[in-house]
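Spelled out, the chains give:
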Amino acid sequence: MIQTVGSATPILDVRNLTVTLHTPKTSVRPVDRVSYTVNEGEVLAIVGESGSGKTILNLAPLGLLPAGVDSDLEGSVGFEGQDLLTSGEDKLRAVRGGGIGVIFQDPLSALNPVRKIGRQIAEVAEHHLKLTPRAAERRAGELLSLVGLPDPLSRLRQYPHELSGGQRQRVGIAMSIAGEPRLLIADEPTTALDVTVQAQIVSLLKDLQRRLKMAIVIITHDIGVVSGMATKVAVMYAGRLAEIGSVDDVLTRSVHPYTLGLLNSVPTLKAPIGSRFSGLPGSPPDLSRRIDSCAFMPRCSHAIPSCERGRPPLVHAP
C-alpha cells in the first residue's frame, strides 16, 4: 500500500535502491528495489524485524557500512539535488554530519572512548560549519544544553565512560546535529536504553525536530516509538517495503498481513493477565537464497496459491 502524505518538497528521494553484499562464499541482497521519499519536516519511521534491511537501506548510501564489506549499490538516492550513489568520497564526507546527521544504535561504540566529549562534538562543528576551535567548543556546550544534559560545561571535559547510557545517547544526538543537518537518520536510538530513558529520548527527538525543523528517518522495531513520533511509516520485510503510508493508515487501517502480525504482537493493557503472547510464527527468510514467491508466504495465515507465482509489487491502495 502507498498513501500520499502531504505535498511538501522531498528532501530525500530514493528510487529502486538495491544493495548487494558479497562474501567469499555467497551474496546477500538485504535491500531489493526500494523506493520512497522523505519530505521536509517529515518524520518517517522504518519498521521491521531484525534482518529486514532497515539499517543497510539508510546507511549504505552514506558509505557507512563496516570496513571491509564488499557491496554493490544500484538505483539512486537523491539528496539536495545530488545522487549519493554517484558522489565521490569527498562529497559524501561533506554530506555525512553536514546535510545528513546520523544517530547510531549503540552510543558507547559510536563515541571515541579516549577523547573528551566536548572535542568530539566541536570537531563536527569545525568541519561542517567552519567554526574556529573556540567557537566550536562554545557551540558544543550549547548543544549539550539543548539535548538536556545538566551542567553541560563540565560535561565537555568528561569521557564517554563517565556517563550513563542515556547521557551518552544525548551526547550522540548532540554530535549528530552539530553540523546543522536538514535530515537526521536515527538508527534504533532507544534499543540499548531502559524504558524510562527510551521515552525521554523519543521526547527529545520530537522536540529537536520541531525546533530545528529537520526531517527525520527513524529506524525501529518499536511500534510505540512509531505511534508517538512518526508522520509516515514504512514497513520493511526481506529487503522490500511491504507497506508505506501515513501513520494513521498503517497503524489503524493496515492491509498487509505482515504489518497486521507486527501490530498484533504488541502487548496491550486490555489483554488479560496470563494471556499468551501473540507473535509471528517462523523466521524471516534467508536472503542469500533466491526468493521466487512472496517472501512472507511461509509465515502468512492468508497465503493463497497465487502467492507462489512471484514477489508481489508495491501498489497504490484504491
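How each quantity is defined
Residues numbered from 1 in each chain as written. Predicted model: local features only at pLDDT ≥ 70, side-chain atom pairs only at ≥ 80, totals over all residues. Heavy atoms only, no water. Helix = DSSP H or I, 4+ residues; strand = E, 2+ residues; numbered from the N terminus. Buried < 20%, exposed > 50% of the residue type's maximum accessible area, 1.4 Å probe, protein only. Contact = heavy atoms within 4.5 Å. Areas by Shrake-Rupley, 256 points an atom, 1.4 Å probe, with all protein chains shown as cover. Lys, Arg positive; Asp, Glu negative; His and termini not counted. Charge placed at Lys NZ, Arg CZ, Asp CG, Glu CD. Axes fitted to C-alpha atoms, helices over the stretch in contact; angles between N-to-C directions. Parallel < 35°, antiparallel > 145°, perpendicular 65-115°, else oblique. Left-handed = near helix turned anticlockwise from the far one by under 90°. Nonpolar A, V, L, I, M, F, W, Y, C, P; charged D, E, K, R; others polar. Core = buried A, V, L, I, M, F, W, Y, C linked by side-chain atoms within 4.5 Å. Polar contact = N/O pair within 3.5 Å; in protein donor to acceptor, adjacent residues only side chain to side chain. Salt bridge = Lys/Arg side-chain N within 4 Å of Asp/Glu carboxyl O.

(A) Seen up close, the overall build of the protein. Within the protein one finds eleven helices and ten strands. Once the C-alpha set of the protein is aligned to its principal axes, its extents read approximately 65 × 50 × 45 Å. Scored against the burial criterion, the 318 residues of the protein give a buried share of 47%. Relative to all contacts within the protein whose residues are 6 or more apart in sequence, the contacts with residues 24 or more apart total 65%. As presented, the protein carries roughly 16000 Å² of accessible surface, and 52% of it is formed by carbon and sulfur atoms. Of the side chains in the protein, 34 bear a positive and 31 a negative charge, and the two mean positions are spaced by 2 Å.

(B) Spatial organisation of the packing of helix H4 (residues 117-129) against helix H7 (residues 165-177). Here H4 crosses H7 at 25°, and the two axes come no closer than 8 Å. By the angle between their axes, H4 is roughly parallel relative to H7. Handedness of the crossing formed by H4 with H7: right-handed. Each of Ile-117, Gln-120, Ile-121 and Val-124 in H4 lies in contact with H7, whose residues at this interface are Val-171, Ala-174 and Met-175. Along the lines of polarity and charge, the residues of the contact of H4 with H7 split into six nonpolar, one polar and no charged.

(C) Inspection of the nonpolar core at higher detail. In this structure, Ile-121 and Ile-218 are the most contacted members of the largest nonpolar core, which totals 53 residues. When neighbours within four sequence positions are excluded, Ile-121 is seen to be in contact with Ala-140, Leu-143, Leu-144, Val-171, Ala-174, Met-175 and Ala-178. Core analysis: the second largest hydrophobic core is formed by 33 residues, Leu-12, Ile-46, Ile-100 and Leu-183 among them.

(D) Spatial organisation of the side chain of Ser-293. Checked against the element boundaries, Ser-293 lands in the segment after helix H11 (257-264). The class of Ser-293 is buried, set by a relative accessible area of 17%. Residues within four places of Ser-293 in sequence aside, it is in contact with Cys-307, Glu-308, Gly-310 and Arg-311.

(E) Examining the side chain of Gln-169 more closely. Along the chain, Gln-169 falls in helix H7. At 2.8 Å, the side chain of Gln-169 forms a polar contact with the backbone oxygen of Pro-189. If we ignore the near neighbours within four places in the chain, the residues touching Gln-169 are Ile-103, Phe-104, Gln-105, Pro-107, Pro-189, Leu-193 and Ile-201.

(F) Molecular detail of the pattern of salt bridges. In total, this model carries 22 salt bridges according to the counting rule given. Note that Glu-80 and Arg-182 form a salt bridge whose closest N and O atoms lie 2.7 Å from each other. Remark: Arg-182 occurs in the loop between H7 and strand S7 (183-187) and Glu-80 occurs in the loop between strand S4 (70-79) and strand S5 (82-83); sequence separation between them is 102 residues. Looking at Glu-80, the relative accessible area reads 46%, which means it is partly exposed. Through salt bridges with shared partners, one network takes in Arg-29, Asp-32, Arg-33, Arg-240 and Arg-311.

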